Amino acid sequence: MTIDLDKLGPNELDALIAAAGERKRRIARERIGDVRKKLIAIARDEGFTIEELFGDGRARASSTRGRAVPAKYRNPADPGQTWSGRGKRPRWFIDALEGGKSERDLLIG
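Reference entry: report on the structure contained in this document. (Residues numbered from 1 in each chain as written. Predicted model: local features only at pLDDT ≥ 70, side-chain atom pairs only at ≥ 80, totals over all residues. Heavy atoms only, no water.)

**Brief notes about helix α1 (residues 10-45)**
Logical step 1: Look at α1: 53 Å from first C-alpha to last across 36 residues, which is about the 52 Å you get at 1.5 Å a residue.
Logical step 2: After α1 finishes, the residue G47 shows a positive phi value of roughly 90°. (Helix = DSSP H or I, 4+ residues; strand = E, 2+ residues; numbered from the N terminus. Expected span 1.5 Å × (residues − 1).)

Rendered as structure tokens:
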């Protein structure tokens, strides 16, 4: 099938591009379906299900997400200011290091 693009107007070209894009997406979905069927058949032949091999496809939340990390460092000038040692260093921590303190000096406990 040959299409003479020089004879098509802007609207016809837009329609052709849209149709070609949709056809390309449909082909990709068909290929994914074919591979999925093959994998299911292989798993079944080996005595497994896809879920046993790859999980159920849902993302798992991190078990540590949302947990507070205990403070590791304390500001000697203001004991209410602490830092866990994770993320960006707080200004008081940087100032203390520049003032001659070591990280060890700022450790809690």
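Still to come is the rest of the account.
**Description of the nonpolar core**
Logical step 1: With six residues, the main nonpolar core is built from Y73, W83, W92, F93, A96 and L106.
Logical step 2: The greatest single-element share of this core, amounting to three residues, is contributed by helix α3 (residues 91-98).
Logical step 3: Ignoring any residue separated from it by four or fewer positions in sequence, one finds W83 in contact with A71, K72, Y73, K88, R89, P90, W92 and F93. (Core = buried A, V, L, I, M, F, W, Y, C linked by side-chain atoms within 4.5 Å. Buried < 20%, exposed > 50% of the residue type's maximum accessible area, 1.4 Å probe, protein only. Contact = heavy atoms within 4.5 Å.)

**A few points about the environment of F54**
Logical step 1: Looking at the secondary structure, you find F54 in helix α2 (residues 50-54).
Logical step 2: Judged by relative accessible area, which is 60%, F54 ranks as exposed.
Logical step 3: Taking the C-alpha atoms as reference points, F54 and S84, 30 residues apart in sequence, are found 36 Å from one another.

**Focus: the packing of aromatic side chains**
Logical step 1: As enumerated under the stated definition, the model contains four aromatic pairs in all.
Logical step 2: Ring centres of Y73 and W83 lie 5.4 Å apart, and the angle between their planes is 25°; this geometry places the pair in the stacked category. Of this pair, Y73 sits in strand β1 (residues 73-74) while W83 sits in strand β2 (residues 82-83), and the two are ten residues apart along the sequence.
Logical step 3: What makes W83 buried here is its relative accessible area of 11%.
Logical step 4: Seen from their ring centres, Y73 and F93 are 4.9 Å apart, and the 65° between their planes marks the pair as edge-to-face. On the criterion of sequence distance, the pair formed by Y73 in strand β1 and F93 in helix α3 is long-range, its members being 20 residues apart. The exposure classification of Y73 matches that of F93, with both residues buried.
Logical step 5: The structure contains a cluster of three or more aromatic residues connected by ring pairs, namely Y73, W83, W92 and F93. (Phe/Tyr/Trp six-rings, centres within 6.5 Å; stacked < 30°, edge-to-face > 60°.)

**A short note on the environment of L5**
Logical step 1: By secondary structure assignment, the location of L5 is in the segment before α1.
Logical step 2: Assessed through its relative accessible area of 47%, L5 is described here as partly exposed.
Logical step 3: Distance from L5 to K88, taken between C-alpha atoms, is 57 Å for residues 83 residues apart in sequence.
Logical step 4: Leaving out residues up to four positions away in the same chain, L5 has contacts with L13 and L16.

**Side note on the pattern of salt bridges**
Logical step 1: This model, assessed by the stated rule, comprises five salt bridges.
Logical step 2: Note that R89 and E103 form a salt bridge whose closest N and O atoms lie 2.7 Å from each other. Remark: E103 occurs in helix α4 (residues 103-106) and R89 occurs in the loop between β2 and α3; sequence separation between them is 14 residues.
Logical step 3: Judged by its relative accessible area of 37%, R89 is partly exposed.
Logical step 4: Two residues, D95 and R91, come together in a salt bridge whose shortest N-O distance is 3.0 Å. In this pair, D95 and R91 are both assigned in helix α3, four residues apart and thus about one turn of the helix distant. (Salt bridge = Lys/Arg side-chain N within 4 Å of Asp/Glu carboxyl O.)

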